[in-house]
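Topology and contacts: notes
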Amino acid sequence: MSTPTLHSPHHDATEHTHRLGCGHVALPHGDHTDYLHDGHLHRAHEDHYDECEPAGHVECASHTHSHGEGCGHVAVPHGDHVDYLHDGHRHAAHDGHWDDH
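A look at the pairing of strand β5 (residues 48-51)
Across the two faces of β5 the burial is the same, with His-48 and Asp-50 and Tyr-49 and Glu-51 all buried. Bridge count for strand β4 (residues 40-45) against β5 is four bridges, and the pairing is antiparallel. Bridging from a neighbouring strand, Ala-44 pairs with Tyr-49 of β5. Between the antiparallel neighbours β4 and β5 lie two residues, among them Glu-46 with a positive phi of about 55°.

Now the structure itself:
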């Protein structure tokens, strides 16, 4: 699993408190939970939220399942593409393989 980029553009926690039932999609991610908000994935960090983005390119080499409409996995809009929540990871199509976000 990739390490999230911390202290990337962040958002003041007083703008909105992410938690179960806050109205945003919650995605388990390693040791924390990301929240989908305004097309970005945010994670709580001290008194603010950081955008939780993968650091570098991490190919999920053992992933043989093809994602798409009707594949049975949750589709998560993410920037200019769609991630699919699968086995506790977000997978995104990239150059003929799936990246692990």
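Read on for the rest.
Brief notes about the sheet that holds strand β9 (residues 97-100)
Spatially, β6-β7-β8-β9 is the arrangement adopted by the four strands of the open sheet, whose pairing is antiparallel. Single-partner strands in this sheet number two, and they are β6 (74-78) and β9. Neighbour-to-neighbour, the strand axes of this sheet turn through a mean angle of 40°, independent of strand direction. Relative to strand β7 (residues 81-86), β6 is paired through five bridges, and the arrangement is antiparallel. By the bridge assignment for β7, Pro-77 is matched with Val-82.

Definitions and limits used
- Residues numbered from 1 in each chain as written.
- Predicted model: local features only at pLDDT ≥ 70, side-chain atom pairs only at ≥ 80, totals over all residues.
- Heavy atoms only, no water.
- Buried < 20%, exposed > 50% of the residue type's maximum accessible area, 1.4 Å probe, protein only.
- Helix = DSSP H or I, 4+ residues; strand = E, 2+ residues; numbered from the N terminus.
- Pairing = 2+ DSSP bridges.
- Axes fitted to C-alpha atoms, helices over the stretch in contact; angles between N-to-C directions.

Geometry only, nothing functional implied.
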